[in-house]
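Here is how the chains run, residue by residue.
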Amino acid sequence: RLGSVVAYLTSAKFLLYLGHALSTWGDRMWHFAVSVFLVELYGNSLLLTAVYGLVVAGSVLLLGALIGDWVDKNSRLKVAQTSLIVQNASVILCGIILMVIFLFKTQLLTLYHGWLLTMCYILVITIANIANLASTATAITIQRDWIVVVAGEDRSKLADMNATIRRIDQLTNILAPMAVGQIMTFGSPMIGCGFISGWNLMSMCVEYLLLWKVYQKTPTLALKSAKVEESELKQLNAKKESDMKPAEGVQLIVEKDVSGFEPQKEKEVGCGARIAEPFITFRDGWVAYYNQPVFLAGMGLAFLYMTVLGFDCITTGYAYTQGLSGSVLSLLMGASAVTGIMGTVAFTWLRRKCGLIRTGLISGLAQFACLILCVISVFMPGSPLDLTVSPFADISARLFENEPLPTIASPEPEMVFATGTPNLLNGSTTPAYSDPEMSPEPVPLISVSLLFAGVIAARVGLWSFDLTVTQLLQENVVESERGIINGVQNSMNYLLDLLHFIMVILAPNPEAFGLLVLISVSFVAMGHIMYFRFAQKTLGKQLFVCRTPDSKATPDSSPPGNTSTV
């Protein structure tokens, strides 16, 4: 028994989990801390944080395909090691710069009329963005490629590994911000910067060693498919479906051994061609994504990002306006992590019972059914929905009446708290009325309770659906294009996420939040309709016949008759 435990702890699978846990822990600490640091540096204003978020989203949107193409064109070990070093080195450098700013902020303000400090802000955001792009490359190569190779031909093992990776993500999402938050609270922002820089330095060394061990224990990682030329694809497409094994699906494309990954000698190209190459890669990546047999499934997942029904700053900010305290919100976030882990368990069970594609259908129905509670909450007592108030009134007032933009640093009490918004600055959740007789009656909690009940319950279906689409992409995208296709998928996710932030900017008042909920549920419904269409095209009349993956029926993990990926 002890031998089996030791064998597991030294296996490539466990080492991959350990490396992912270290990487994700560092990522979550940094993503949480950098937003706090930027708010702290800019006088408690959200301006730098908003700029950072916009730069990150725009960069992945524009460069996702290029990052994926770079992953495809280089050896696995080189990609993993390079992205790991760039990511961690960027975070360490950012931490050092932030420590210098915190130490000498007063002096920097006086040098060159404050322009030197502004350049430091730009440098921090730029380097932090590079760290995020490197993190994207790491996620593509490890979670979308390495994990498939380590699992081998065993799809059940692949499903279990995907689920375990998601459980690690759920736990680190809660625990890592709590840990660094305590350090920053009882220490200082500068101590927080030093801790994160030290952690990433240590983590980089350990992760580098773990990657090397996994690479050594999995010889097939040294083999990578060459890029299949268009002429070869046309010849493959000409083959009839009967000439191939049904289970192979789009993975039938011939793999070429490129151990050592020596690139072919390229012809010399002109300067204009080199300039145009990134744009051509960008175009080809999106075209290839569109032509994927799992395109509708990927689009369905992307549409789920166009929502305010999650535990981000928008939903938690709305909860504060409805009278929920920080302690209650932390408990709700913990409950959401638990239901997310339940979703990963449900995924593995459903996949064994009903197959991969039907798991996505069941998960989608479960998520949508839970979100009906959110729709009901919009019309329940306590909901601030007021259709007589224009959702654009706040912006139009600022634009056409020249009202100043409010900041967190110096709010006007009469303006901010007269509507019953909780006093967030002094840590109290009680509206700041000077005269108790003027205080309105407590807001009924029926609406906000139903809202969060729906959001928390829906995460079971959400994470099960996410894992379904992830595995569909892993199984049905040819190996030589995994990078670029998953890079475009990340770009689509960021595009819809960016649209949801724009939607909130256009309708920021609490009275419009109910409309945002209805729009969000509509986008979730559209996403699942796309997935249903994908499942219908793939399984046909067998769609509602629940069979196990081991059944002799046509496998539901890849669309039959689709061998083209370009």
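Residues numbered from 1 in each chain as written. Predicted model: local features only at pLDDT ≥ 70, side-chain atom pairs only at ≥ 80, totals over all residues. Heavy atoms only, no water.

- Per an unreviewed UniProt entry, the chain is named Solute carrier family 40 member, and its organism is Pitta sordida.
- Regarding the chain, the relevant UniProt record gives this comment under Sequence similarities (unreviewed entry): "Belongs to the ferroportin (FP) (TC 2.A.100) family. SLC40A subfamily."
- As stated in UniProt under Function (unreviewed entry), the record for the chain gives "May be involved in iron transport and iron homeostasis." (UniProt positions renumbered as here; feature names shortened; annotations may be inferred.)

### Here's the deal with the packing of aromatic side chains
Here comes step 1: A full pass over the atoms with the stated rule returns 14 aromatic pairs.
Here comes step 2: Plain terms: the ring middles of tryptophan 146 and tyrosine 215 are 6.2 Å apart, the flat faces sit at 40° to each other, and that makes the pair tilted. Of the two residues, tryptophan 146 is situated in helix α5 (residues 115–151) and tyrosine 215 in helix α7 (residues 189–217); the sequence distance between them amounts to 69 residues.
Here comes step 3: By relative accessible area, which is 0% here, tryptophan 146 ends up buried.
Here comes step 4: Ring centres of phenylalanine 282 and tryptophan 286 lie 6.0 Å apart, and the angle between their planes is 50°; on these two criteria the pair is classed as tilted. (Phe/Tyr/Trp six-rings, centres within 6.5 Å; stacked < 30°, edge-to-face > 60°. Helix = DSSP H or I, 4+ residues; strand = E, 2+ residues; numbered from the N terminus. Buried < 20%, exposed > 50% of the residue type's maximum accessible area, 1.4 Å probe, protein only.)

### Overview of the pattern of salt bridges
Here comes step 1: On inspection of all chains with the given rule, the structure shows 8 salt bridges.
Here comes step 2: Between aspartate 145 and arginine 482 there is a salt bridge, with the nearest N and O atoms lying 2.7 Å from each other. With a gap of 337 residues between them, aspartate 145 in helix α5 and arginine 482 in helix α17 (residues 482–506) connect regions that are remote in the sequence.
Here comes step 3: Taking the relative accessible area as the measure of exposure, aspartate 145 reaches 4% and is therefore buried.
Here comes step 4: Ionic pairing is found between arginine 155 and glutamate 475, a salt bridge with its closest N-O pair at 3.6 Å. (Salt bridge = Lys/Arg side-chain N within 4 Å of Asp/Glu carboxyl O.)

### What to know about helix α10 (residues 295–303)
Helical geometry note: an α-helix holds 3.6 residues per turn, so side chains three or four residues apart project in the same direction.
Here comes step 1: Of all the 9 residues making up α10, 8 are buried; the element is thus mostly covered by neighbouring parts of the structure.
Here comes step 2: All of the buried residues in α10 are Phe295, Ala297, Gly298, Met299, Gly300, Leu301, Ala302 and Phe303.
Here comes step 3: Against the buried residues of α10 lie α9 (271–290), α16 (446–476), α17 and α18 (513–539). (Contact = heavy atoms within 4.5 Å.)

### Regarding helix α6 (residues 155–186)
Here comes step 1: The end-to-end C-alpha distance of α6 is 47 Å, a good match for the 46 Å that 32 residues give at a rise of 1.5 Å each.
Here comes step 2: Of all the bends in α6, the greatest, near 35°, is centred on threonine 172.
Here comes step 3: With a side-chain oxygen positioned 3.1 Å from the backbone nitrogen of serine 156, the residue opening α6 is aspartate 154. (Expected span 1.5 Å × (residues − 1). Bend = angle between axes of the 7 residues up to and from the residue. Polar contact = N/O pair within 3.5 Å; in protein donor to acceptor, adjacent residues only side chain to side chain.)

### Considerations on the confidence of the model for the chain
Here comes step 1: Residues with a pLDDT of 70 or more make up 77% of the chain, whose mean pLDDT is 79.
Here comes step 2: Within the chain, no element has a lower average pLDDT than helix α15 (residues 413–416), which sits at 32, and none a higher one than α10, at 96.
Here comes step 3: Below pLDDT 50 for its whole length, residues 228–266 participates in 55 contacts with residues either more than four positions away or in separate chains. (pLDDT = per-residue confidence, 0-100.)

### What about the packing of α10 against α17?
Two packed helices can be described by the angle between their axes and the distance between those axes.
Here comes step 1: Interaxial distance between α10 and α17 falls to 8 Å at its minimum, and their mutual angle equals 35°. At the point where α10 passes α17, the crossing takes the right-handed sense. Facing Gly298, Met299, Leu301, Ala302 and Phe303 of α10, the residues of α17 in contact are Gln489, Met492, Asn493 and Leu496.
Here comes step 2: Of the residues contributing to the contact of α10 with α17, the split by class is 6 nonpolar, 3 polar and no charged. (Axes fitted to C-alpha atoms, helices over the stretch in contact; angles between N-to-C directions. Left-handed = near helix turned anticlockwise from the far one by under 90°. Nonpolar A, V, L, I, M, F, W, Y, C, P; charged D, E, K, R; others polar.)

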